[in-house]
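Chain residues, written in single-letter form:
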Amino acid sequence: MSEFSRVPHLTLLPAVDVADGKAVRLTQGEAGTEESFGDPIDAAHEWADQGAEWIHLVDLDAAFGRGSNRAIIKKVVKSIPRWVNIELSGGIRDDASLEAALATGAKRINLGTAALENPEWAAHVIAEYGEAIAVGLDVRGTTLAARGWTQDGGDLWHVLERLEDAGCARYVVTDVTKDGTLRGPNIELLRAVMERTHRPVIASGGVATLDDIAALRELVPLGLEGAIVGKALYAGAFTLPEALDVAGR
């Protein structure tokens, strides 16, 4: 048995990003770079059929503040098999949007802008819902990105320290400059975040090859729990079963 085979497994979360009712992928999170991949329900079912245990579902219109895909998001969550968990993200910024997100049946809600702009509310939500809440840390350099990655959201390390004090259960860390580019994940950023928290971290952005997944799996002993995979799957760089095999499952 090789040393690598003894590394704990990495959870993979295929991404389904929804804009105007369709599954899309963006480049570096920029509005206007959408590339359509059809029906979000079909996309989610495809990943479920291929062995996904988690799906990262994003309402891009809500994230950009230009509308909502609430109805189709709810249909996606309700239609997939019960053993597939949903991590839901996009435009969850107050009690009403949080309650609507939880009502879909999603297992975990990913807060973004609200955790940066409304720290008191975010701390309350973290305290009340615990493991059901993750916080997305979307980063350019060490500056956080907010409002669908269109505005600066403060210094990464200051915000992380505050979230640690609030007891945040989990972080989803995205290098915005890597997202949708197929240029590889930002290993240095992930290591730096994991040095500052004992909470599990999920990587997002840049995964292009099976070697990238292998490199991320090697970070599991340091606190990396999972990785979101999007464009590489849609582009056919590898299949989900191949990726799950490298991830250790």
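About the cut-offs
Residues numbered from 1 in each chain as written. Predicted model: local features only at pLDDT ≥ 70, side-chain atom pairs only at ≥ 80, totals over all residues. Heavy atoms only, no water. Buried < 20%, exposed > 50% of the residue type's maximum accessible area, 1.4 Å probe, protein only. Helix = DSSP H or I, 4+ residues; strand = E, 2+ residues; numbered from the N terminus. Contact = heavy atoms within 4.5 Å. Core = buried A, V, L, I, M, F, W, Y, C linked by side-chain atoms within 4.5 Å. UniProt positions renumbered as here; feature names shortened; annotations may be inferred. Phe/Tyr/Trp six-rings, centres within 6.5 Å; stacked < 30°, edge-to-face > 60°. Lys NZ or Arg CZ within 6 Å of the ring centre and 35° of its normal.

Novice: It is not clear to me how helix α9 (residues 210-217) should be interpreted in this structure. Could you clarify?
Specialist: Note on helix geometry: an α-helix contains 3.6 residues per turn, so any two residues three or four positions apart are oriented the same way. Taken residue by residue, α9 has Asp 212, Ile 213, Ala 214, Leu 216 and Arg 217 as its buried positions. In the core, the buried residues of α9 are packed alongside β1 (11-19), α8 (187-195), β11 (201-204), β12 (224-229) and α11 (240-247).

Novice: Even after reading the chapter, I still don't get the nonpolar core, so can you show me in this structure?
Specialist: Note on soluble globular proteins: their nonpolar side chains tend to be buried together. Judged by nonpolar contacts, the single largest core of 71 residues is most densely connected at Val 16, Leu 137 and Leu 216. By size, the runner-up hydrophobic cluster in this structure holds 7 residues, among which are Ala 15, Val 172, Ile 202 and Ile 228.

Novice: Please clarify how the side chain of Ser 89 should be interpreted in this entry.
Specialist: Structurally, Ser 89 can be placed in strand β5 (residues 85-89). The class of Ser 89 is buried, set by a relative accessible area of 13%. The residues touching Ser 89, leaving out its near neighbours within four places in the chain, are His 56, Leu 57, Val 58, Asp 59 and Asn 110.

Novice: Help me understand the UniProt feature "active site" (unreviewed entry) in the protein chain in this model?
Specialist: Per the UniProt annotation, the sites labelled "active site" (unreviewed entry) are Asp 17 and Asp 138. Take Asp 17: its relative accessible area is 8%, and that puts it in the buried class. Note on placement: Asp 138 falls in strand β7 (residues 133-140). Residue Asp 138 is classed as buried on the basis of its relative accessible area of 15%.

Novice: For this particular structure, what's the right way to read the packing of aromatic side chains?
Specialist: Pairs of aromatic rings are described using the distance from one ring centre to the other and the angle between the two planes. Tallied over the entire structure, the rule returns 1 aromatic pair. With a centroid separation of 5.4 Å and an interplanar angle of 85°, the aromatic rings of Trp 47 and Tyr 234 are classed as edge-to-face. Of the two residues, Trp 47 sits in helix α1 (residues 40-49) while Tyr 234 sits in helix α10 (residues 231-234), which places them 187 residues apart along the sequence. Here Trp 47 matches Tyr 234 in class, with each residue buried. Just above the ring of Trp 54 sits the side chain of Arg 108; from NZ or CZ to the centre is 4.1 Å. In this structure, Arg 196 is placed above the aromatic ring of Trp 157, and the distance from its NZ or CZ to the ring centre is 3.9 Å.

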